[in-house]
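# Architecture and fold: a report
Next come the chains, spelled out residue by residue.
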Amino acid sequence: MKILVTGSKGFIGKNLIVELKNRNYKDIYEYDIESTSTDLDHFSKDCDFVFHLAGVNRPKDPKEYLEGNFGFTSILLNNLKKWGNKCPIMLASSIQALVNNPYGISKKAGEELLFKYQLETGAKVYIYRFPNVFGKWCRPNYNSVIATFSYNIANNLPIIINDPNAVLNLVYIDDLVEELISILSGKAKKQGDFYSIHPVFTKKLGEVADLLYSFKLSRENLFIPNMEDLFTKKLYANYLSYLPKDQFIFDLKMNTDYRGSFTEMFKTFEYGQISINISKPGIVKGNHWHNSKNEKFIVISGSGVIRLRKIGENEIIEYYVNDQKLQVVEIPPGYTHNIKNIGNVDMVTVMWANECFDPEKPDTYYEEV
């Protein structure tokens, strides 16, 4: 299948093309502002499907709306008709087509042109009215508030919120691309005259800004956002794409002494925390127990022995662990426990606890194994 993508260097076009290539679509004609009329003529003659994403949304002169969103669409359709190419065509319209402003009027005119083209030629058309789309590679400080807020917050720049209660209807770029590619296999979702994308997230502007600020703060408090919430998961992926290139890395606080170190790595409100424990040769750490807190230990470097004893009993349980066979040792409540490095090099243990450490309620009681 030979696929023509107009607006190929735009936000949606770029994401669509890389995913088409990921799925082994090899014959992709990329048309953008630098392309020539000869290119368009050739592509129109040869293509088997058109993703028509090109358009104008922030012109210097409002007249450019019709020229870009209606005029270019006319040229494209005329080229297809010239070559008798009745391949399916998808049009990226906007929910603004319902609004009586220059941009909305131009988008509405483009839709009507496609419907007329369908009647004249019998070609299948897929018209989508996109809401606000967010995700990687969207240009900040242009026409996307999500991209602007994400970029500014990630880069320590201020944001302006005129109305925190303003409601946004949002679609994530990967969901949009998935839907567009589904057209090629006949699985597109239609509602009335138009095709739709799911899910659409309805959020208040202030709510989105608060989430983005919490992502920034997560480097300090180590709390990973709630990935069970689908919008949070997608917004966080979007936010990370705007980090400055020299700030992909950040420090963790290592609590060190003669025994080695203990470092909290990540925390969650739902699933506790993960820490990294480094023990010097011969060192014993622990000798405490918990009422309700439970843990999992994995030695990933070096070798050691984990000992446990049920409170009130004398039997000692031992597990010898090393980096040659990774195993998880469960630490149940009510068992005092310790871990000893029995090797000649530092031992590294990944430790998970089902709850984050709370100094007000540590649930940790000293007792020798």
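See above for the structure.
Overview of the structure. (Residues numbered from 1 in each chain as written. Predicted model: local features only at pLDDT ≥ 70, side-chain atom pairs only at ≥ 80, totals over all residues. Heavy atoms only, no water.)

## Focus on unusual backbone geometry
Backbone torsion omega between H198 and P199 reads -5 degrees, so that peptide bond is classified as cis. Mapped onto the elements of the fold, P199 is located in the loop between β9 (194-195) and β10 (201-204). In this structure, N141 takes a positive phi of about 55 degrees despite not being glycine. Along the chain, N141 falls in the loop between β6 (132-134) and α5 (145-154). Even without being glycine, L222 reaches a positive phi, approximately 70 degrees. Examined against the element boundaries, L222 turns out to sit in the loop between α7 (205-221) and α8 (230-240). Given a relative accessible area of 12%, L222 falls into the buried group. (Helix = DSSP H or I, 4+ residues; strand = E, 2+ residues; numbered from the N terminus. Buried < 20%, exposed > 50% of the residue type's maximum accessible area, 1.4 Å probe, protein only.)

## Brief notes about the nonpolar core
Residues F51, M90, F130 and L180 are the most contacted members of the largest nonpolar core, which totals 51 residues. Once you skip the residues sitting within four places of it in the chain, M90 turns out to touch F49, V50, F51, H52, L53, Y126, Y128, F130, L180 and I183. In terms of nonpolar packing, the next biggest core, distinct from the first, is built from 22 residues, L4, A54, L91 and I127 among them. (Core = buried A, V, L, I, M, F, W, Y, C linked by side-chain atoms within 4.5 Å. Contact = heavy atoms within 4.5 Å.)

## Some points on the sheet that holds strand β18 (residues 329-331)
Spatially, six strands are ordered β11-β12-β13-β20-β15-β18 in an open sheet, and the strand pairing comes out antiparallel. Both edges of this open sheet fall to β11 (254-257) and β18, since each of them pairs with a single strand only. Going across the sheet, the axis of each strand differs from the next one's by a mean of 20 degrees, ignoring polarity. Examined bridge by bridge, β11 and strand β12 (residues 260-268) share four bridges and lie antiparallel to one another. Within β12, the position partnered with N255 by the bridge is F262. (Pairing = 2+ DSSP bridges. Axes fitted to C-alpha atoms, helices over the stretch in contact; angles between N-to-C directions.)

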